[in-house]
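Residue-level structural notes
So you can see what is in the structure, the chains are spelled out below.
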Amino acid sequence: MLYGQLVAEATLPGNARRSRVRTADPIVVIDSSEIREGRIDELKTALTELVEFVEANEAEPIAYSIYIDEEGSRMTVLQIHPSSASVELHMRLAGPAFRKFTELVVLSRVDIYGTPSDALLELMRQKAELLGNAPVVVNELHAGFARFGSGGLDDAARLDDGLDRDASLKNI
């Protein structure tokens, strides 16, 4: 099994076997920033414009969400992408807009979860340097799984193996 790829193989009731499913490595990026005093309203406007741009121009992000704490002093950006290439595209398309944030925030830290490409690491380091010389930290997957999509188990049940998953779950 190759590290970083989600590979699922399960033995199901009746000795039926689910086929192997391989997907690209998802990448999660979480960055935290201090909001410059007196700039919260201007920041909120700029963030709304950025999110609208990303939603209109990038089809691949699974999630792109920005949170501001109760005091209005810290901002956290959460991104979930299906691949390193998706984040690279985001950085190239939205990157020019980051310049206007230099007067609004000071980037404290960028955490990347997954296995980023060298090109993505370089783009993230450039962003970190622009917005406050924040450290860029890579966190590699040790163990876990992901269920993307609204159906969770129902999405997995779409595998064409003819099994009644609802009946199988009742026996657990």
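The structure this text deals with has already been given above.
Quantities reported herein were computed from a predicted structural model and do not represent experimental measurements.

Packing of helix α2 (residues 84-94) against helix α3 (residues 118-130) brings their axes to within 9 Å, and their N-to-C directions diverge by 35°. Here the hand of the crossing between α2 and α3 comes out left-handed. Judged by residue contacts, S84, V87, E88, M91 and R92 of α2 engage A119, L120, L123, M124 and K127 from α3.

Right, let's get into the pairing of strand β4 (residues 63-68). The side chains of a regular strand alternate, first on one face of the sheet and then on the other. Bridge count for β4 against strand β5 (residues 74-81) is six bridges, and the pairing is antiparallel. Directly across from S65, in β5, lies its bridge partner L78. Adjacent in sequence and paired antiparallel, β4 and β5 are bridged by five residues, among which G72 carries a positive phi angle near 70°.

Attention now goes to the nonpolar core. Ranked by internal contacts, the top residues of the largest apolar core, which has 29 residues, are L43, F101, I112 and M124. Of all the elements in the fold, those that place two or more residues in this core are β3 (27-35), α1 (40-57), β5, α2, β6 (105-113) and α3. Among all residues touching F101, those that are not within four sequence positions of it are L43, A46, L47, L50 and L131.

This part covers α3. One turn of the α-helix equals 3.6 residues, which is why residues spaced by three or four share an orientation. The terminal C-alpha atoms of α3, which comprises 13 residues, lie 19 Å apart, in line with the 18 Å expected from a rise of 1.5 Å per residue. Here α3 has its buried residues at L120, L121, L123, M124, K127 and A128. What you see down the axis of α3 is that its buried residues fit within an arc of 165°, all on one side. Away from its buried face by more than 90 degrees, α3 exposes D118 and E129. Summarising the contacts, the buried residues of α3 are in contact with β3, α2, β6 and β7 (136-139).

Further remarks concern the side chain of S33. You can see S33 is positioned in strand β3. Here S33 falls in the buried class, since its relative accessible area comes to 2%. Those residues in contact with S33 that sit more than four places away from it in its chain are S73, R74, M75, V105, V106, L107 and S108.

Analysis parameters
Residues numbered from 1 in each chain as written. Predicted model: local features only at pLDDT ≥ 70, side-chain atom pairs only at ≥ 80, totals over all residues. Heavy atoms only, no water. Axes fitted to C-alpha atoms, helices over the stretch in contact; angles between N-to-C directions. Helix = DSSP H or I, 4+ residues; strand = E, 2+ residues; numbered from the N terminus. Left-handed = near helix turned anticlockwise from the far one by under 90°. Contact = heavy atoms within 4.5 Å. Pairing = 2+ DSSP bridges. Core = buried A, V, L, I, M, F, W, Y, C linked by side-chain atoms within 4.5 Å. Buried < 20%, exposed > 50% of the residue type's maximum accessible area, 1.4 Å probe, protein only. Expected span 1.5 Å × (residues − 1). Arc of directions from axis to C-beta.

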